[in-house]
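Observations on chain architecture
The chain contents come next:
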Amino acid sequence: MAQITAAMVKQLREMTDSPMMECKKALVEADGDMDLAVDVLRKNGLAAAAKKAGRATNEGAMGAYVSDDARVGAIVEVACETDFVGSNPKFTGFAARVAQQIAETDPADVEALLASDMDGETVEAALTELIHVIGENMKITRFASRKPAAGAVSSYIHMGGKIGVLVEFSFEKPETAATDAFKAFAHDVAMQVAATAPICAVREDVPAEVVEHEKSIYKAQAAESGKPEAIQEKMAIGRLEKFYKGCVLNEQEFIKDSSLTISQYAAQVSKEVGDTITVCGFDRLERGEDK
């Protein structure tokens, strides 16, 4: 039986990030063979991950990826058990790598994502191994991706991974994406989405039932004033306009300069770069909001 030294245990821990006692047990089982010990830890990790699978995952982080040419991007929510792990660089790095995988492979859903090949193993296998290394249950819960036909995407991660944003822009000239003016604008708009949580980019995309619900409330409020019905209708429409200005991204005041709406800011940047830039859509994922 090989002698298991503290140096060997330390080396295996550095190689695998596994707990000290698990490393020692693996080395004993492998009779001091470092490569075999790694295999033991990986096999044990599968069992450990299975045991952890029932534990609640109420924390986590968003991962984001945008290609160098800004033509494709993705955001993903990866859940874990504790806030401490949610900020662990290994965990956040994994989330970012999964976001890249989504952008590059365009999976139909989480199940397809888990089955896809990432760096020579499935995403599910990589997740299982990370569960073993870090020691918490983890899940990939949802994702969003965008690939505009003509234009670019921009991403933003807010509050240490609590909110992930992906914004889609349309324009005509491919070189627009590389300009400093567009990059600053795209970043500002993504931050705006994170901060204000708009419903959609343009008012035409506000669901009809939401509009009707708001309008019915405004009409009821107007009726309380005792005004004639025709005036009530005008009052309701006026309040609906304020509603649009609050929840439609392009109509919102820019949070850094209230003298501009987002659409006016887009027009300003369009003039600067010699193109026509439109904010046409976005995805905003907030940690745990789907639970």
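Report follows, based on the coordinates. (Residues numbered from 1 in each chain as written. Predicted model: local features only at pLDDT ≥ 70, side-chain atom pairs only at ≥ 80, totals over all residues. Heavy atoms only, no water.)

**Describing the packing of helix α9 (residues 208-224) against helix α10 (residues 229-247)**
Two elements in contact, α9 and α10, have axes separated by 8 Å at closest approach and are oriented at 130°. The orientation of α9 relative to α10 falls into the category oblique. The chirality of how α9 crosses α10 is right-handed. From α9, V210, V211, E214, K215, Y218, K219, Q221, A222 and A223 reach across to α10, where they touch Q232, E233, M235, A236, R239, L240, F243 and Y244. The residue inventory of the contact of α9 with α10, partitioned by class, reads 10 nonpolar, 2 polar and 5 charged. (Axes fitted to C-alpha atoms, helices over the stretch in contact; angles between N-to-C directions. Helix = DSSP H or I, 4+ residues; strand = E, 2+ residues; numbered from the N terminus. Parallel < 35°, antiparallel > 145°, perpendicular 65-115°, else oblique. Left-handed = near helix turned anticlockwise from the far one by under 90°. Contact = heavy atoms within 4.5 Å. Nonpolar A, V, L, I, M, F, W, Y, C, P; charged D, E, K, R; others polar.)

**Side note on helix α1 (residues 6-16)**
Inspection of α1 places M8, V9, L12 and T16 among the buried residues, and these make up the whole buried set. Buried residues along α1 cover an arc of 100° about the axis, so they all sit on one side. Facing away from the buried side of α1, by more than 90 degrees, are the exposed residues A6, A7 and E14. (Buried < 20%, exposed > 50% of the residue type's maximum accessible area, 1.4 Å probe, protein only. Arc of directions from axis to C-beta.)

**Comments concerning the pairing of strand β6 (residues 151-158)**
Consecutive side chains of a regular strand alternate in pointing toward one face of the sheet and then the other. Sheet topology places β6 next to strand β7 (residues 163-170); 8 bridges connect them, and they run antiparallel. Each residue of the ladder has a partner; that of A152, found in β7, is F169. Between β6 and β7, which follow one another and run antiparallel, lie 4 residues, and M159 among them has a positive phi close to 55°. (Pairing = 2+ DSSP bridges.)

**Comments concerning the pattern of salt bridges**
Inspection of every chain in the model, using the stated rule, returns 14 salt bridges. With its nearest N and O atoms 2.8 Å apart, the salt bridge here joins E77 to R142. Here E77, found in strand β2 (residues 73-80), pairs with R142, found in strand β5 (residues 139-146); they are 65 residues apart in sequence, far enough to count as distant. R142 matches E77 in its accessibility class, with the two residues each being buried. Of the charged contacts in the structure, one is a salt bridge between E241 and R203, with a shortest N-O distance of 2.9 Å. Of the two residues, E241 sits in helix α10 while R203 sits in the loop between α8 (180-196) and α9, which places them 38 residues apart along the sequence. Exposure remark for E241: the relative accessible area of 29% places this residue in the partly exposed category. (Salt bridge = Lys/Arg side-chain N within 4 Å of Asp/Glu carboxyl O.)

**Looking at the sheet that holds strand β1 (residues 59-66)**
Read from one edge to the other, the open sheet built from 3 strands follows the order β1-β2-β5, with strand pairing classed as antiparallel. Since the sheet does not close on itself, it has two edges, and those belong to β1 and β5, each with one partner. Each strand axis lies, on average, 15° off the axis of its neighbour in the sheet, ignoring direction. For β2 and β5, the ladder comprises 7 bridges, and the chain directions are antiparallel. Residue pairing for β5: G73 is matched across the bridge by R146. Relative to the sheet, helix α5 (residues 89-105) contacts β1, β2 and β5, its axis offset from that of β1 by approximately 45°.

**Details of the packing of aromatic side chains**
In total, this model carries 6 aromatic pairs according to the counting rule given. For the pair F171 and F182, a centre-to-centre distance of 5.2 Å together with 70° between the ring planes defines the contact as edge-to-face. Of this pair, F171 sits in the loop between β7 and α8 while F182 sits in helix α8; the two residues are 11 residues apart in sequence, bridging distant segments of the chain. When its relative accessible area of 3% is taken as the criterion, F182 is described as buried. Through successive ring pairs, a cluster of aromatic residues spans F169, F171, F182, F185, F254 and Y265. (Phe/Tyr/Trp six-rings, centres within 6.5 Å; stacked < 30°, edge-to-face > 60°.)

**Observations concerning α5**
When the terminal C-alpha atoms of α5 are compared, their 24 Å separation across 17 residues agrees well with the 24 Å that a helix rising 1.5 Å per residue should span. Here α5 has its buried residues at F91, F94, A95, V98, A99, Q101, I102 and A103. In the stretch just after α5, D106 is the one whose phi turns positive, near 50°. (Expected span 1.5 Å × (residues − 1).)

**Re unusual backbone geometry**
Despite not being glycine, D106 shows a phi value in the positive range, around 50°. Relative to the helices and strands, D106 is located in the loop between α5 and α6 (110-115). A relative accessible area of 57% means that D106 is categorised as exposed. The phi torsion at D119 lies on the positive side, around 55°, for a residue other than glycine. With respect to the helices and strands, D119 occurs in the loop between β3 (117-118) and β4 (121-122). You can call D119 exposed: its relative accessible area is 61%.

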